[in-house]
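# Commentary on secondary and tertiary structure
Take a look at the letters that make up each chain.
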Amino acid sequence: MWYAIVLAGGSGSRMGAGRNKVLLSLHGEPVILRSVKAFERLVEGVVLVSRSEDMEAVKEAVQAAEMPVTVVPGGSTRQDSVWQGLCALPEACTHVLIHDGARCLVDRETIERCKASVEACGTGVAAIPAVDTIKQVDGNEFVTATPDRSALRAVQTPQGFTTALIRQAHQAAQAEGFLGTDDASLVERMGHPVRLTLGSRKNIKLTTPEDILMAQAFLEQDFPALRVGQGYDVHRLVEERDLILCGVTVPHTLGLLGHSDADVALHALMDAMLGAMALGDIGKHFPDTDERYRGISSMKLLEHVVALLHEHGARVTSCDVTIVAQKPKLLPYIPAMRENVASVLNLPLSRVNIKATTTERLAFEGREEGISAQAVCMVEAR
């Protein structure tokens, strides 16, 4: 069983934020929540080690995590805090990843490489090759050596171990009064080989205000852009036409006139989707001069627009459609409409809203001359 120990015990004094840096917000989420969420679906749970005075705030910050998180108080040093985390692991835990809560940009690939190394040889520590020339100096800042940087690595977290091995290393360090700078150093001094795995240059540790700026820049690269689209359409009501709204045939004496099936609600939705990506409107993509679209189901056209957005690296994340009609009453048919739209957009029903209203007999909708529809949608684009 895999668990992660996430350390959130620092004071963040170098950050100058006046509080624990892991409680700072980064792109709308607490730093510590981002660190915990990085391990979702990769471990069975997380032991989060916090300063005693921050425990309640830390618990609140990680409430949105989708896996078990146990918050325990830490010790006076990082090493003591890791030991507290090790003591809080469930008995069934056989492998553990130890991670600094201030490294909230760790990616899935880095974690998976650490896990694979632990499973192969008992240890797996994220690290990256040194890119700067490193100088060794004496107490007066005079250079004493220039190590070959090809053999140097900058160590990160997570650092992974079999649970038995890292517990043994901590117990040995405690018995001998040894204080290491990381967990790998405790294992090294026992003579056990420690294997490094490739980390990531984005896996920075938030220590100074400049690190926050760098993390924000990385997130802006990775985060999709959110765009909003708005659509509006009108069709005339006539005899001898089916009334089709969001792919549902609604019993009525009149239907909507159009080149296709005249599904006014889907037409408004498609215009909103196209508008969000600056791709024109349905008249551009499905002109009424093209016989291929005569009488075609607008559900088919919606599938085409979804595919077009995918080609542009975009997808709808939510939508809201308003149908304006004096008659008929549409409430009984709205559940089926939502299911149709959700199916094509590949969205849960909770992200598809369709509603109907009247104009209290005002304007052309109130006179039952036609039906209009308005739609807005949120589109995620990379």
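Read on for an overview of the structure. (Residues numbered from 1 in each chain as written. Predicted model: local features only at pLDDT ≥ 70, side-chain atom pairs only at ≥ 80, totals over all residues. Heavy atoms only, no water.)

## Topic: empty space enclosed by the protein
Taken as a whole, this structure holds one cavity of 30 Å³ or more when the rule is applied. Taken together, Leu-237, His-252, Ala-325, Gln-326, Lys-327, Glu-365, Glu-368, Gly-370 and Ile-371 form the lining of the largest cavity. Residues that form the lining of the largest cavity fall into these classes: three nonpolar, three polar and three charged. (1 Å grid on protein atoms, 1.4 Å probe; cavity = no way out; pocket = protein on both sides within 12 Å on 5 of 7 lines; lining within 4 Å. Points joined across faces, edges and corners; volume = space filled by probe spheres on them. Nonpolar A, V, L, I, M, F, W, Y, C, P; charged D, E, K, R; others polar.)

## As for unusual backbone geometry
Cis rather than trans, the peptide bond between Thr-157 and Pro-158 has omega equal to 15°. Residue Lys-327 is joined to Pro-328 through a cis peptide bond whose omega torsion reads -5°. Structurally, Pro-328 is set in the loop between strand S16 (314-324) and helix H11 (334-345). Although it is not a glycine, Glu-240 adopts a positive phi angle of roughly 60°. Of note, Ala-278 is a non-glycine position whose phi angle comes to about 55°, a positive value. Looking at where Ala-278 falls in the secondary structure, it is placed in the loop between helix H8 (264-276) and helix H9 (282-285). Residue classification places Ala-278 among the exposed positions, given a relative accessible area of 67%. (Helix = DSSP H or I, 4+ residues; strand = E, 2+ residues; numbered from the N terminus. Buried < 20%, exposed > 50% of the residue type's maximum accessible area, 1.4 Å probe, protein only.)

## Observations regarding helix H5 (residues 163-176)
The end-to-end C-alpha distance of H5, which contains 14 residues, comes to 20 Å, matching closely the 20 Å that a straight helix rising 1.5 Å per residue would cover. Within H5, the full set of buried residues consists of Thr-163, Leu-165, Ile-166, Ala-169, His-170 and Ala-173. Each element contacted by the buried residues of H5 is listed here: helix H3 (78-87), strand S6 (95-100), strand S7 (123-129), strand S10 (153-162) and helix H6 (183-188). The first or second residue beyond H5 is Gly-177, which carries a positive phi of 65°. (Expected span 1.5 Å × (residues − 1). Contact = heavy atoms within 4.5 Å.)

## Remarks on the pattern of salt bridges
If you walk through the whole model with that rule in mind, you get 18 salt bridges. With a closest N to O distance of 3.8 Å, Glu-29 and Arg-34 form a salt bridge. Three or more residues are tied together by salt bridges with common partners; here these are Arg-78, Asp-100, Arg-103, Asp-183 and Lys-205. (Salt bridge = Lys/Arg side-chain N within 4 Å of Asp/Glu carboxyl O.)

## Examining the sheet that holds strand S17 (residues 352-357)
Spatially, S15-S12-S18-S16-S17 is the arrangement adopted by the five strands of the open sheet, whose pairing is mixed. The outermost strands of the open sheet, each flanked by one partner alone, are strand S15 (255-256) and S17. Summarising the sheet, S16 and strand S18 (residues 370-381) pair through 10 bridges and their orientation is antiparallel. By the bridge assignment, Val-316 is partnered in S18 with Val-379. Set on the sheet, H11 makes contact with S16 and S17; between it and S17 the angle comes to about 145°. (Pairing = 2+ DSSP bridges. Axes fitted to C-alpha atoms, helices over the stretch in contact; angles between N-to-C directions.)

## Let's talk about the packing of H8 against helix H10 (residues 298-311)
At their nearest, the axes of H8 and H10 sit 10 Å apart, and the two run at 10° to each other. Taken together, H8 and H10 sit at an angle that is classed as roughly parallel. Packed against H8, whose contacting residues are Leu-266, His-267, Leu-269, Met-270, Met-273 and Leu-274, the element H10 presents Ser-298, Met-299, Leu-301, Leu-302, Val-305, Val-306, Leu-308 and Leu-309 at the interface. Here the contact of H8 with H10 is built from residues that sort into 12 nonpolar, two polar and no charged. (Parallel < 35°, antiparallel > 145°, perpendicular 65-115°, else oblique.)

## Observations concerning the pairing of strand S1 (residues 2-8)
Buried residues dominate S1, accounting for seven of its seven residues. Across six bridges, S1 lies against S6 in parallel orientation. Bridge pairing links Tyr-3 to Val-96 in S6. Relative to strand S4 (residues 45-50), S1 runs parallel, the two sharing six bridges. Note that in S4 the partner of Ile-5 across the bridge is Val-47.

## Describing the sheet that holds S6
Judged by pairing direction, the sheet is mixed, and its seven strands sit side by side in the order S5-S4-S1-S6-S10-S7-S11 without closing on themselves. Looking at the sheet topology across the chains shown, the edges are occupied by strand S5 (69-73) and strand S11 (196-198). Between one strand axis and the next, the sheet turns through 30° on average, direction left out of account. Helix H4 (residues 108-121) contacts S1, S6, S7, S10 and S11 of the sheet and is inclined by roughly 135° relative to S7.

## A closer look at the side chain of Ser-185
Looking at the element boundaries, Ser-185 is found in helix H6. Other than its neighbours up to four places away in sequence, Ser-185 contacts Phe-178 and Gly-180.

These figures come from the coordinates and say nothing about function on their own.
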